[in-house]
Amino acid sequence: MTVVINMREGVDARKIKLAARFILNGKLVAFPTETVYGLGADALNEEAVRRIFEVKGRPPDNPLIVHISRFEELEKLASYVPREARILAERFWPGPLTMVLPKKEEMPLVTTGGLDTVAVRMPSHPIARALIEESTPIAAPSANISGKPSPTLAEHVIDDFYGKIECIIDGGETAVGVESTVVDLTSEKPVLLRPGGLPLEELEKVIGEIEIHPAVKGKLTDVAKSPGMKYKHYSPNAQVIVVEGKREDVRRKIEELVDEYRKEGLRVGVMATQEYEADEFFHLGRSEEEVARNLFKALRELDKRGVDIIIAEGIEERGLGFAVMNRLRKAAGYRIVWV
Ligand code: TXA
Ligand code: MG
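An account of the accompanying structure is given in this report. Nothing here was measured: the structure is a model prediction, and the numbers come from that model.

Looking at the site of ligand 1
Phase 1: Around ligand 1, the surrounding shell holds 26 residues, and the nearest of these are T35, R58, N62, H67 and S180.
Phase 2: T35 is positioned with one of its side-chain polar atoms (N or O) 2.7 Å from an oxygen atom of ligand 1.
Phase 3: Between T117 and ligand 1, the recorded distance is 3.0 Å, taken from a side-chain N or O atom to a nitrogen atom.
Phase 4: Notes on ligand 1: free accessible area 680 Å², of which the protein chains cover 96%.
Phase 5: Every element with two or more residues in the shell around ligand 1 is listed here: β3 (37–42), β4 (65–67), β6 (117–121) and β10 (191–194).
Phase 6: The dominant element in the shell around ligand 1, judged by the number of residues it contributes, is β6, at four residues.
Phase 7: A class-by-class count of the residues in the shell around ligand 1 yields twelve nonpolar, nine polar and five charged.

In C-alpha cells form, the structure reads like this:
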C-alpha cells in the first residue's frame, strides 16, 4: 500500500500531481527537502496530521513544522508577522530556516502540539516546492520513527515507513543533511531553538545577536518553548560515544577506546573525518558541510553493519558544526568523552 515514486531525475509534473492528490485526500506522503526527508500531510487536516504522530510514534506535544511555497501563505498561518520575520524570509527563504510565530486561529492545535505558535519554513528543494504548490501547506516532521536518526535517503524512509504510509517520493540524497535551524520570533528577542542547516553566524549577520535557548546546550530546564528538545533523539541501536577535544588528543583517545571495547568482545564502529582502524569505519568527509551531509547516514549505516558501539569524532562548533555537534551529543545521550 506504499507507492514509491522515483523522482531522482528531477521534478516530474505528472508524478507531483499524483503525490499532491494523496496530500489533498488526507494521506501521508514522505518527500525530500534540502535538509532531510519530511513525512507530510495537509497541515490543516487534523485527522491526517494525527496520523503523522501515530506512525512516527511521536509524543503529541511535540509540534510540527508547516512547509509553504510562497510568502503570502505565511499570512494565512501566522496571526502576526514581525519585521525580523520579513527580513529573514527575504534573505533566507527558500532554505533551511524555520521561524516560530504566533499562530492563526485556523491552524489546528494538533499540528502545533497544543501551542499557540506555529513553526513555518519554505524549503528550497524543487520537489518539496512543487508538491506544496500543487497541494497546500504541508505539516512535516523528519520522516523517521521518533528517536531514530533523520532520513537523508529514500531508503531510510522505506526502512522506517514502508507499508505504513501511502506514498514515498525518492528524490535521491538530501543536500544539507541536518534539519533546519529553528528560531523563535514570538518574544522580544529572537531565540535559537535548534541549530541547523542555516549557520547561526549567517542569521546573526542579518538580525544581530540571537539568544540561544539553554536546552540547545543540553540543559533540560525550560523545555516549554520547544518541546522537541526533551525527547530522545537521533539514536541508532548501537551505543554512541562522542570524543571531543584537541585533534591529536581525540585521535589518541579514539584509538584507545577502540582497543578497549574490542578487548571486551564488542564490535566497534568509528565515524570520523580522519581514518581509523576499527571493525567498521565511516568516513564523514573533510568540511563541516560534508560531515553534516553524511552524519545521519553514518549512524544508520554503522547500525546496519551490526556494531555494538559507535565512537564519533567531535568537530568544531562553528558553521554547520554547531548543528552537527548538537545532533551527535543527543545521539550519544550526552555520553561525551572530553580530552
Ligand atoms: O529541516 C527540517 O526542519 C525538517 C524538514 C522535513 O523540513 N523537519 C524537521 O521536523 O526537522 P521535526 O519535526 O523533526 O523537527 C521540528 C522541530 C522540533 O524540535 C519541534 O519541537 C520544533 O521544531 N517546533 C515545531 N513547532 C514549534 C513551535 N510552534 N514552537 C517551538 N518549536 C517548534
Ligand atoms: Mg525530527
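Description of the environment of S124
Phase 1: If you trace the backbone, S124 turns up in the loop between β6 and α5 (126–134).
Phase 2: Measuring from C-alpha to C-alpha, the distance between S124 and F92 comes to 9.8 Å, with 32 residues separating the pair along the chain.
Phase 3: Those residues within four positions of S124 in sequence are excluded, and the remaining contacts are E34, P94, G95 and R129.

Examining the packing of helix α1 (residues 13–24) against α5
Phase 1: Two elements in contact, α1 and α5, have axes separated by 9 Å at closest approach and are oriented at 55°. Considering their axes alone, α1 and α5 lie oblique with respect to each other. Where α1 crosses over α5, the handedness of that crossing is right-handed. Contacts from I16, K17, A19, A20, I23 and L24 of α1 reach α5 at I127, A130, L131 and E134.
Phase 2: By residue class, the composition of the contact of α1 with α5 is eight nonpolar, no polar and two charged.

Things to note about the nonpolar core
Phase 1: Among the nonpolar cores identified, the biggest contains 48 residues, and L39, W93 and L97 are the most heavily contacted of them.
Phase 2: Elements that contribute at least two residues to this core include exactly β3, α2 (46–56), α3 (71–77), α4 (83–92), β5 (97–102), β6, α6 (154–161) and α7 (200–207).
Phase 3: A total of five residues in this core trace back to one element, the largest contributor, which is α2.
Phase 4: Counting 28 residues, the second-largest nonpolar core is a separate cluster that includes V240, L295, I310 and L328.

Things to note about unusual backbone geometry
Phase 1: With an omega dihedral of -5°, the bond running from W93 to P94 counts as a cis peptide bond.
Phase 2: With respect to the helices and strands, the residue P94 is situated in the loop between α4 and β5.

Concerning the environment of V183
Phase 1: Structurally, V183 can be placed in strand β9 (residues 181–184).
Phase 2: A relative accessible area of 0% means that V183 is categorised as buried.
Phase 3: Remark: the alpha-carbon pair of V183 and V250, spanning 67 residues in sequence, is separated by 32 Å.
Phase 4: If we ignore the near neighbours within four places in the chain, the residues touching V183 are L97, T98, M99, V100, P190, V191, L192 and L203.

What about the packing of aromatic side chains?
Phase 1: This model, assessed by the stated rule, comprises one aromatic pair.
Phase 2: Ring plane angle 25° and centroid distance 5.3 Å describe the contact between Y234 and F296, whose orientation is recorded as stacked. Taken together, the residues span a long stretch of sequence, with Y234 in the loop between β11 (211–212) and β12 (239–244) and F296 in helix α9 (residues 288–304) at a distance of 62 residues.
Phase 3: Using a relative accessible area of 3% as the deciding quantity, one classes Y234 as buried.
Phase 4: Above the face of the Y276 ring, R251 is positioned so that its terminal group lies 4.2 Å from the ring centre.

Each value, and the rule that gives it
Residues numbered from 1 in each chain as written. Chains lettered and ligands numbered in written order. Predicted model: local features only at pLDDT ≥ 70, side-chain atom pairs only at ≥ 80, totals over all residues. Heavy atoms only, no water. Near = heavy atom within 4 Å. Polar contact = N/O pair within 3.5 Å; in protein donor to acceptor, adjacent residues only side chain to side chain. Areas by Shrake-Rupley, 256 points an atom, 1.4 Å probe, with all protein chains shown as cover. Helix = DSSP H or I, 4+ residues; strand = E, 2+ residues; numbered from the N terminus. Nonpolar A, V, L, I, M, F, W, Y, C, P; charged D, E, K, R; others polar. Contact = heavy atoms within 4.5 Å. Axes fitted to C-alpha atoms, helices over the stretch in contact; angles between N-to-C directions. Parallel < 35°, antiparallel > 145°, perpendicular 65-115°, else oblique. Left-handed = near helix turned anticlockwise from the far one by under 90°. Core = buried A, V, L, I, M, F, W, Y, C linked by side-chain atoms within 4.5 Å. Buried < 20%, exposed > 50% of the residue type's maximum accessible area, 1.4 Å probe, protein only. Phe/Tyr/Trp six-rings, centres within 6.5 Å; stacked < 30°, edge-to-face > 60°. Lys NZ or Arg CZ within 6 Å of the ring centre and 35° of its normal.

So, to be careful, I would describe these as geometric facts and stop short of saying anything about function.
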